[in-house]
Amino acid sequence: MGKTDTDRGQSKEKAWLFFYKMEVDFVKKIAILGSTGSIGTQTLEIVRDNPDLQVVGLAAGSNIDLFEKQVREFKPRLVSLKSEAACKELRTRLADMTVEIVPGMDGLIQIAEMEESQVLVTAIVGMIGIRPTIAAINKHKDIALANKETLVTAGHIIMPLAASMGVSILPVDSEHSAIFQSMQGENKDRISKLLITASGGPFRGRTREELEKVQLEDALKHPNWSMGHKITIDSATLVNKGLEVMEAKWLFQVDLDRIQVVVHPQSIIHSMVEYADGGIMAQLGMPDMKLPIQYALFYPDRRPMAGKRVDFYELGSITFEKPDMETFIGLKLAMKAAAGGGSMPTVFNAANEKAVSLFLNRKISFLQIPEIIEMCMEAHQKIANPDVDAILAVEQETYERINMKF
Ligand code: NAD
Ligand code: MG
């Protein structure tokens, strides 16, 4: 018997429902804060390679040209740029598209909370990430976390909140992803030590006298990783490793005295976990952030990924050293801030953010970065358990202290 139009209509509807359901089941909807940056653009490369990822929200600072291209390509429903002027310009450029544009912190928070999004990728730089991250967790979004400054300063708020909301904080930072990967299938109670590897940055092996003369251009030349400017400078001062120790403490709930930094200049081992029996699990790979970003987005799956593989014959050997904390006092100060706890990591981080921006603007020398951090830490009256308002007030106070001198 031939099919009637009604039959055809019904089976069409069934097919549509089937594909709609497939989409609901299989398409992961994500929003990205910091889409024009190093992590943001690499996240979008992964979206390009995986049709079951869909971008529903995008936010960035001020790179309108790149942002316009991203919005045209990925067609998110809601987007944000830092200033109202930038958003107005974007509105004019995107007159032919239906996309909602909300500037500044309001935009970041609305994107973090988007009903249709499942995962928020926090690829923004600095403490500006705190409020949107909290907003997303409160709306039950999983967090693919690159923005380490948020955990360093507000880890005592973020981690318990995530646990109470049943939200996963999936690390994007390569070291933390390596630790996370090295913990799969293991009993967390049997961890004896986290071993965080560090390349040592472009100035490994230099003396303090030699560091006095280094220029911005030298500090921006990282030997192994291509990253945003702020984190590249943080890698040269070893402040980045200090921030990562604090990030690891919060993410994995391991005491500071069981976190060890190991300099490993080739950046092939991305970090390790030592267990109670002395066994050490490590994750190795080429230094390419796309792997940890993709792992966070598809965890626990490991999707195929193109790119160069580690060739052990070509590599020959890998080496290890103790970090030189007397020359790179940024790491020593980070350990001190971490041990102090409370608002001290906020002072450490805020002072570093400000000092790095002064260094990037050629206002201070390389060695003044840790000097400024130390000055701010010494002047600060610690608050034991700061809430978000107190954290942001300490950030302001630290900025003002630096502004008075520079
Ligand atoms: P980046 O400077 O390349 O990019 C930062 C992004 O944030 C840009 O899109 C910028 O427009 C946006 N942004 C900055 N201020 C903003 C504001 N006020 N409002 C809206 N958007 C704003 O930085 P990155 O290197 O991609 O690093 C991002 C974060 O990831 C940092 O916390 C960094 O420590 C961490 N991280 C980066 C790497 C890496 O390989 N780049 C590795 C590990 C961790
Ligand atoms: Mg890292």
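Structure's up top.
Residues numbered from 1 in each chain as written. Chains lettered and ligands numbered in written order. Predicted model: local features only at pLDDT ≥ 70, side-chain atom pairs only at ≥ 80, totals over all residues. Heavy atoms only, no water.

Asker: What exactly am I supposed to notice about the side chain of K141 here?
Answerer: Assignment of secondary structure puts K141 in the loop between α6 (130–138) and β6 (142–145). Despite its burial, K141 pairs with no opposite charge, the nearest such side chain being E115 at 6.9 Å. Within polar-contact distance, the side chain of K141 engages the backbone oxygen of E115 at 3.3 Å. If we ignore the near neighbours within four places in the chain, the residues touching K141 are A112, E113, M114, E115, S117, Q118, A136 and V167. (Helix = DSSP H or I, 4+ residues; strand = E, 2+ residues; numbered from the N terminus. Buried < 20%, exposed > 50% of the residue type's maximum accessible area, 1.4 Å probe, protein only. Lys, Arg positive; Asp, Glu negative; His and termini not counted. Salt bridge = Lys/Arg side-chain N within 4 Å of Asp/Glu carboxyl O. Polar contact = N/O pair within 3.5 Å; in protein donor to acceptor, adjacent residues only side chain to side chain. Contact = heavy atoms within 4.5 Å.)

Asker: Just checking my understanding: could you explain the pairing of strand β5 (residues 119–122) for this structure?
Answerer: Residues in a regular strand point their side chains to alternate faces of the sheet. Here β5 shows a buried face lined by V119 and V121 and a second buried face lined by L120 and T122. Where strand β1 (residues 28–33) meets β5, four bridges bridge the pair, whose relative direction is parallel. In the sheet register, I30 faces β5, and the bridge partner there is V119. Pairing of β5 with β6, which is carried by four bridges, proceeds in the parallel orientation. Along β6, the bridge assignment pairs V119 with D142. Taken together, β5, α6 and β6 constitute a β-α-β crossover, and its handedness is right-handed. (Pairing = 2+ DSSP bridges. Right-handed = clockwise from strand over helix to strand, strands pointing away.)

Asker: How should the pairing of strand β9 (residues 259–263) be read in this particular structure?
Answerer: Taken across its five residues, β9 has four buried, putting it largely inside the fold. Of the strand pairs in this sheet, strand β8 (residues 191–198) and β9 are connected by five bridges, and their pairing is parallel. Bridge pairing in β9 places A198 opposite V263.

Asker: Any chance you could explain the coordination of the magnesium ion (ligand 2) here in plain terms?
Answerer: Ideal values for angles at a metal depend on the geometry: 109.5 degrees with four tetrahedral donors, 90 or 180 degrees with six octahedral donors. Bound to the magnesium ion (ligand 2) are the protein donor atoms D173 (OD), E175 (OE) and E244 (OE), situated 2.1 to 2.2 Å from the metal. One chain supplies every donor to the magnesium ion (ligand 2), and in sequence these donors are spaced D-x1-E-x68-E. Of this pair, E175 sits in helix α8 (residues 174–181) while E244 sits in helix α12 (residues 239–252), and the two are 69 residues apart along the sequence. Residue E175 is classed as buried on the basis of its relative accessible area, which comes to 8%. Residue class for E244 comes out buried when judged on its relative accessible area of 1%. (Donors = N, O, S within 2.8 Å, 3.2 Å for Na, K, Ca; no water.)

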